[in-house]
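# Observations on the three-dimensional arrangement
The primary structure of each chain is shown beneath.
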Amino acid sequence: MKVHFVLHETFEVPGAYLKWALERGHHITTTKVYEKEPLPETIDGIDFLIVMGGPQSPDEDRENFPYYDPKAELSFMKEAIAADIYIVGVCLGAQLLSVAYGAKYEHSPEREIGIFPITLTEAGLKDEHVKILGPTLITGHWHGDMPGLTENAVVLATSQGCPRQIIRFSPKHYAFQAHLEFDPEAVELLIAADGEEVLEDQSQKLTFVQNPEVIRAYDYQEMNTKLYAFLDSLVN
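Source: prediction; values computed, not measured.

Time to look at helix α3 (residues 92–100). Owing to its 3.6 residues per turn, the α-helix brings residues three or four apart onto one side. Burial of α3 is extensive: 8 of the 9 residues sit out of reach of the surface. Those residues of α3 that sit buried are Leu92, Gly93, Ala94, Gln95, Leu96, Leu97, Ser98 and Ala100. Once α3 finishes, glycine 102 follows within two positions and takes phi at roughly 105 degrees, a positive value.

This is the structure we're talking about:
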């Protein structure tokens, strides 16, 4: 299977998604948006598209992020949707997937940074692949926005701070606002990008922002294992 990653920033790494693809022996290609690499000319030959996160929003913002072309990414994702290959959008990727489906992304009720539980909805407990995660699972979070919803979108998981943590847009297309791919390397990069003092200050003011030391101390193996199980179920 050929898995293609779209990466928006050096500090938004694919973590356990990439490790899963490597361990399963899949062929991996990447588009590093931050290095101004162009997207593939066609979706042909790609079996699984994974679009990762970033500080951007799905709107046009070439002034702050001159290397980021959401229109091109949305066009590519629409081609992937039409081809009905596997798609997982993570954080920004989840929001982009919702927009590619015709929805409007929105601001999350709460900014979430850290490690908090998600809870599966009734639909999530019945979803063939997501039910593997269990009724509740502690996952990573690093966002202020969330995906939009279409008429046929199904919310599969929520959190206390965000009502749209996992969304199914079709049987092969899932949006994850939550970060099940986090590992110590990934969170260290994010802490450095946001700034240790900034996060410490926000953790004292915002309900769902944790101190960097709390984030560093967490063992991410369980959420990574559950992510592997979801991905194995999805593609097999």
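Per the counting criterion, the structure on display carries 10 aromatic pairs. On the numbers, 6.3 Å between centres and 75 degrees between planes, the contact of tryptophan 142 with phenylalanine 182 is edge-to-face. Of the two residues, tryptophan 142 sits in strand β6 (residues 136–146) while phenylalanine 182 sits in the loop between β9 (173–176) and α5 (184–194), which places them 40 residues apart along the sequence. With a relative accessible area of 7%, tryptophan 142 lands in the buried category. Residue classification places phenylalanine 182 among the buried residues on the basis of a relative accessible area of 2%. A centroid spacing of 5.0 Å and a plane angle of 65 degrees characterise the contact between phenylalanine 176 and phenylalanine 230, whose relative ring orientation is edge-to-face. In this pair, phenylalanine 176 is assigned in strand β9 and phenylalanine 230 in helix α8 (residues 221–235), connecting sequence segments 54 residues apart. Considered together, phenylalanine 176 and phenylalanine 230 belong to a single accessibility category, that of buried residues. Grouping aromatic residues by their ring pairs yields a cluster made of Trp142, Phe182, Tyr218 and Tyr220.

A separate point is the packing of helix α1 (residues 15–23) against α8. Running from amino to carboxyl end, α1 crosses α8 at an angle of 55 degrees, the nearest separation of the two axes being 10 Å. Regarding the angle of α1 to α8, the classification is oblique. Between α1 and α8 lies a crossing whose hand is right-handed. Where α1 abuts α8, its residues Ala16, Tyr17, Lys19, Trp20 and Glu23 lie against Asn224, Leu227, Tyr228, Leu231, Asp232 and Val235.

This next bit is on the packing of helix α2 (residues 70–83) against α3. Remark: α2 packs on α3, axes separated minimally by 9 Å, with the N-to-C direction vectors making an angle of 70 degrees. When the axes of α2 and α3 are compared, the pair comes out roughly perpendicular. As for the relative orientation of α2 and α3, their crossing is right-handed in sense. Residues Glu73, Leu74, Met77, Lys78 and Ile81 of α2 form the contact with α3, whose participating residues are Gly93, Leu96, Leu97, Val99 and Ala100. Considered class by class, the residues forming the contact of α2 with α3 number 7 nonpolar, 1 polar and 2 charged.

Moving on, we get to the UniProt feature "domain: Glutamine amidotransferase" (unreviewed entry) in the chain. Here the UniProt-annotated "domain: Glutamine amidotransferase" (unreviewed entry) positions come out as residues 30–185. In this annotation, residues 30–185 is assigned 19% helix and 34% strand; the end-to-end C-alpha distance for the span is 19 Å.

Let us now look at the environment of serine 233. Residue placement: serine 233 occurs in helix α8. For the pair serine 233 and histidine 129, spaced 104 residues apart in the sequence, the C-alpha separation amounts to 5.6 Å. The contact partners of serine 233, leaving out residues within four places of it in the chain, are Glu128, His129 and Ile132.

Further remarks concern the pairing of β6. Remember that side chains alternate between the two faces of the sheet whenever the strand is regular. Of all the 11 residues making up β6, 8 are buried; the element is thus mostly covered by neighbouring parts of the structure. Summarising the sheet, strand β5 (residues 106–120) and β6 pair through 10 bridges and their orientation is antiparallel. Residue pairing across strands places glutamate 106 opposite methionine 146, the latter belonging to β6.

If you walk through the whole model with that rule in mind, you get 11 salt bridges. A salt bridge links aspartate 194 to arginine 111, with the shortest nitrogen-to-oxygen separation between them at 3.6 Å. With aspartate 194 in helix α5 and arginine 111 in strand β5, this pair connects stretches of sequence that are 83 residues apart. A relative accessible area of 27% places aspartate 194 in the partly exposed class. Within this structure, Glu188, Glu196, Glu213 and Arg216 form a network of salt bridges that share partners.

Rules and cut-offs
- Residues numbered from 1 in each chain as written.
- Predicted model: local features only at pLDDT ≥ 70, side-chain atom pairs only at ≥ 80, totals over all residues.
- Heavy atoms only, no water.
- Buried < 20%, exposed > 50% of the residue type's maximum accessible area, 1.4 Å probe, protein only.
- Helix = DSSP H or I, 4+ residues; strand = E, 2+ residues; numbered from the N terminus.
- Phe/Tyr/Trp six-rings, centres within 6.5 Å; stacked < 30°, edge-to-face > 60°.
- Axes fitted to C-alpha atoms, helices over the stretch in contact; angles between N-to-C directions.
- Parallel < 35°, antiparallel > 145°, perpendicular 65-115°, else oblique.
- Left-handed = near helix turned anticlockwise from the far one by under 90°.
- Contact = heavy atoms within 4.5 Å.
- Nonpolar A, V, L, I, M, F, W, Y, C, P; charged D, E, K, R; others polar.
- UniProt positions renumbered as here; feature names shortened; annotations may be inferred.
- Pairing = 2+ DSSP bridges.
- Salt bridge = Lys/Arg side-chain N within 4 Å of Asp/Glu carboxyl O.

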